[in-house]
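Here is how the chains run, residue by residue.
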Amino acid sequence: MNLFSHLISPAVPDDVFAPNYIWKGSYNYRGRKQPMTLSITSFNSTTGRVNVTLSNSNLELLLSGVYKATEARLLLLMYQVKYVNQGSQLKDSAISPAKIMEDSWTMDGFVSAEPDGSTYVFQGFIQGKDYGQFGLQRLGLNMSESQNSTPPQLGTNSSSVAIAILVPFFALIFTGFGFYLYKQR
């Protein structure tokens, strides 16, 4: 990517990891893509502290880190692992809570905005034995946690921008027309 394309790419908001948003995507484990969901459980906009729950079909990982908005970078450290399906047989016995804790499992990645300006991608690498790249896309609010709350209003919508531009424009036109009629008397 050249410098010019970086300058015209949409900016990532400081609150891209606002609470209750979910991110869906996948990670590589032993060369195979595995689906995962990242749910934002808390975010402090002052300090950048982010707490998330990463879940796949067998495990749930609790991660915490600091989002550096100036770099659009988030490093998440895992602090707790638990099985989601206690009774089910794990597909890969190498993925166990003890093994993940032993490997000091971390996610290190950057957030970028897609050209449409409203879609955000978090991608990078998982540091742990047999892990590789990950990629997640922010989909929206986690409906199970936000049923009783209204979604936060982020930015402005197109109708308020249109009104802010058109009202002064029409006011100038009507003023000019009024002045023209006044001079024609």
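Structural data are supplied above this passage.
Residues numbered from 1 in each chain as written. Predicted model: local features only at pLDDT ≥ 70, side-chain atom pairs only at ≥ 80, totals over all residues. Heavy atoms only, no water.

Asks: How should the pairing of strand β2 (residues 32-43) be read in this particular structure?
Replies: Regular strands place side chains that alternate from one sheet face to the opposite one. Of the pairings in the sheet, the one linking strand β1 (residues 21-29) to β2 comprises 8 bridges and is antiparallel in character. Of the residues in β2, the one forming a bridge with Asn28 is Lys33. A loop of 2 residues connects β1 with β2, the two strands running antiparallel in sequence, and Arg30 in this loop sits at a positive phi of about 55°. Sheet topology places β2 next to strand β3 (residues 49-55); 6 bridges connect them, and they run antiparallel. In the sheet register, Ser39 faces β3, and the bridge partner there is Thr53. (Pairing = 2+ DSSP bridges. Helix = DSSP H or I, 4+ residues; strand = E, 2+ residues; numbered from the N terminus.)

Asks: I would appreciate a short explanation of the pattern of salt bridges in the present structure.
Replies: One side chain can pair with another of opposite charge once the charged atoms of both are near each other. Here the structure, examined in full by the defined rule, presents 2 salt bridges. Note that Asp130 is salt-bridged to Arg30, the shortest N-O span being 3.2 Å. Remark: Arg30 occurs in the loop between β1 and β2 and Asp130 occurs in the loop between β7 (120-127) and β8 (131-141); sequence separation between them is 100 residues. By relative accessible area, which is 45% here, Arg30 ends up partly exposed. For Asp108, the salt bridge identified is with Arg73, shortest N-O distance 2.5 Å. With a gap of 35 residues between them, Asp108 in strand β6 (residues 106-113) and Arg73 in strand β5 (residues 73-83) connect regions that are remote in the sequence. Asp108 gets classed as buried once you look at its relative accessible area, which sits at 15%. Taking the relative accessible area as the measure of exposure, Arg73 reaches 29% and is therefore partly exposed. (Salt bridge = Lys/Arg side-chain N within 4 Å of Asp/Glu carboxyl O. Buried < 20%, exposed > 50% of the residue type's maximum accessible area, 1.4 Å probe, protein only.)

Interpretation in functional terms is not warranted from these geometric data alone.
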